[in-house]
Amino acid sequence: MSGDIKKVVLPVAGLGTRFLPATKVMAKEMLPIVDKPLIQYAVEEAWEAGITEIVFVTGRGKAMLEDHFDYAVELENTLEARGKSAELDIVRDLMPAAGKLAVVRQQSPLGLGHAVWCAKQIIQDEPFAVILPDDLVMAERGCLAQMIDAYKDVGGNMAAVVDVPLEQTNRYGILDVTEDDGTLARASGLVEKPDPADAPSTLSIIGRYILQPEVFNVLDRQEKGAGNEIQLTDAIAATMADVPFHGLRFQGTRFDCGDKAGFVEANVAFALQRDDIGPSVKDALKKYL
Ligand code: UTP
């Protein structure tokens, strides 16, 4: 029903104020979960989903994110000279093919909607995906790959969703659901951070989207919403009469790594899964619990 999704936008221009002082100089998306930065999990999830073209929307002080996906000549020469071939593979395997990583600047952090709009010239007139790297999903099949599977049947706009406790609806973008088969929920509206009493459901959007290019027509207006920011959810909601919207309950666990407790939890969960350090981390944790 719907064409292939080849491009992903990774908005990484936020200030990361919740992680100061760690993010004074370093981008939030370079924070590691065990030994891999958040941005690399996002890029690998995109590749698993068949995405071939990656667009970073960056801001000042984010050059490290680009460097992470480039040659590190000195490091590679040294690893080679020392015969450290496993380490060499680790740094080389993460390089995108030449010409497949584009970077645009969001000069001012005016909101997620504005960050996505900054990629318009590269995306042009085709459907595309968006991954927010600070929302990390642990899953057997990547979250975006699951979404693309579902999108092939229903098309339109789509976001990954999770059920949140009713008292937390005022923290998230919430779906106004019209049909729900338990996996895919069709929505007729989106409400940004509603009070529990007014929340139309408890299905909340996380940082994974598949969007039709029509969203740019709305973002072109640069209208500000909640928090005086240009909101992506407002733009998606404004296209709902013309573009169907579905929320996908994916298989997996989402960690909000933009939040300190979520970030620590993700480190624990990913460490426990590892064959090399899982058992020793488990033993160490027993001391604290
Ligand atoms: P957040 O709401 O987590 O904001 O952005 P933030 O600035 O990164 O972090 P805090 O709240 O100050 O700690 C969600 C995602 O949207 C991107 C961020 O980089 C992050 O991936 N974003 C947000 C932009 O790229 N530009 C913006 O103007 C706002």
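Because the structure is predicted, anything quoted here is derived from the model rather than measured.

(A) The arrangement of the packing of aromatic side chains in detail. Enumeration according to the criterion identifies five aromatic pairs in this entry. Taking 5.3 Å as the distance between ring centres and 75° as the angle between the ring planes, the aromatic pair formed by Tyr41 and Phe270 counts as edge-to-face. Of this pair, Tyr41 sits in helix α1 (residues 38-48) while Phe270 is found in helix α10 (residues 260-273), placing the two residues 229 residues apart along the sequence. Neither residue differs from the other here; Tyr41 and Phe270 are each classed as buried. Judged by centre distance (6.0 Å) and plane angle (65°), the ring pair of Phe255 and Phe270 falls under edge-to-face. With a gap of 15 residues between them, Phe255 in strand β13 (residues 253-256) and Phe270 in helix α10 connect regions that are remote in the sequence. As far as the burial class goes, Phe255 and Phe270 line up, both buried. Taken together, the ring pairs connect Tyr41, Phe255 and Phe270 into an aromatic cluster. Positioned above the aromatic ring of Tyr41 is the side chain of Lys36, whose terminal nitrogen or guanidinium carbon lies 4.8 Å from the ring centre.

(B) Here's a closer look at α10. Under the 1.5 Å per step criterion, the end-to-end length of α10 is 20 Å for 14 residues, consistent within 8% with the ideal 20 Å. Every buried residue of α10 is accounted for by Gly262, Phe263, Ala266, Asn267, Ala269, Phe270 and Ala271. Where α10 is buried, its residues meet β2 (32-33), α1, β7 (135-138), β13 and α11 (278-286). At the N-terminal boundary of α10, the capping side chain belongs to Asp259, with an oxygen 3.3 Å from the backbone nitrogen of Ala261.

(C) Inspection of the pattern of salt bridges at higher detail. One pass over the structure, following the stated rule, counts 16 salt bridges. Taking the shortest distance from any N to any O, the salt bridge between Lys7 and Glu126 comes out at 3.0 Å. Highlighted residues: Lys7 in strand β1 (residues 7-11) and Glu126 in the loop between α6 (120-123) and β6 (128-131), separated in sequence by 119 residues. The buried category is assigned to Lys7, whose relative accessible area is 8%. Look at Glu126 and you get partly exposed, because its relative accessible area is 26%. With its nearest N and O atoms 2.6 Å apart, the salt bridge here joins Lys28 to Asp134. One end of the pair, Lys28, is in the loop between β1 and β2; the other, Asp134, is in the loop between β6 and β7, with 106 residues separating them in the sequence. Since its relative accessible area comes to 11%, Lys28 is described here as buried. Look at the salt bridges and you will find they share partners, linking Asp35, Arg274 and Asp276 into a network.

(D) Layout of the nonpolar core. Core analysis: the biggest nonpolar cluster contains 39 residues, and Leu10, Phe56, Leu144 and Met158 have the highest contact counts within it. Among the elements of the structure, β1, α1, β4 (53-58), β6, α7 (143-154), β8 (157-163) and β11 (203-211) are those that each provide at least two residues to this core. Element by element, the count of residues in this core is highest for α7, at eight residues. Sequence-distant contacts of Phe56, that is, excluding residues within four places in its chain, are made with Leu10, Val12, Ile39, Val43, Leu65, Phe69, Leu101, Ala102, Val103 and Val104. Judged by nonpolar contacts, the second largest core, of 32 residues, contains Val57, Phe128, Ala187 and Tyr209.

(E) Examining the pairing of β7 more closely. Both faces of β7 are covered, namely the face carrying Asp135 and Val137 and the face carrying Leu136 and Met138. Relative to β13, β7 runs antiparallel, the two sharing four bridges. Following the sheet pairing, Met138 is matched in β13 by Thr253.

(F) The pairing of β6, seen in detail. Residues Phe128 and Val130 line one face of β6 and the alternating positions Ala129 and Ile131 line the opposite face, and both faces are buried. Bridge analysis of β1 against β6 gives two bridges, and the strand direction is parallel. Its bridge partner lying in β6, Val9 is registered against Val130. Relative to β11, β6 runs antiparallel, the two sharing four bridges. In the sheet register, Phe128 faces β11, and the bridge partner there is Leu211.

Rules and cut-offs
- Residues numbered from 1 in each chain as written.
- Predicted model: local features only at pLDDT ≥ 70, side-chain atom pairs only at ≥ 80, totals over all residues.
- Heavy atoms only, no water.
- Phe/Tyr/Trp six-rings, centres within 6.5 Å; stacked < 30°, edge-to-face > 60°.
- Helix = DSSP H or I, 4+ residues; strand = E, 2+ residues; numbered from the N terminus.
- Buried < 20%, exposed > 50% of the residue type's maximum accessible area, 1.4 Å probe, protein only.
- Lys NZ or Arg CZ within 6 Å of the ring centre and 35° of its normal.
- Expected span 1.5 Å × (residues − 1).
- Contact = heavy atoms within 4.5 Å.
- Polar contact = N/O pair within 3.5 Å; in protein donor to acceptor, adjacent residues only side chain to side chain.
- Salt bridge = Lys/Arg side-chain N within 4 Å of Asp/Glu carboxyl O.
- Core = buried A, V, L, I, M, F, W, Y, C linked by side-chain atoms within 4.5 Å.
- Pairing = 2+ DSSP bridges.

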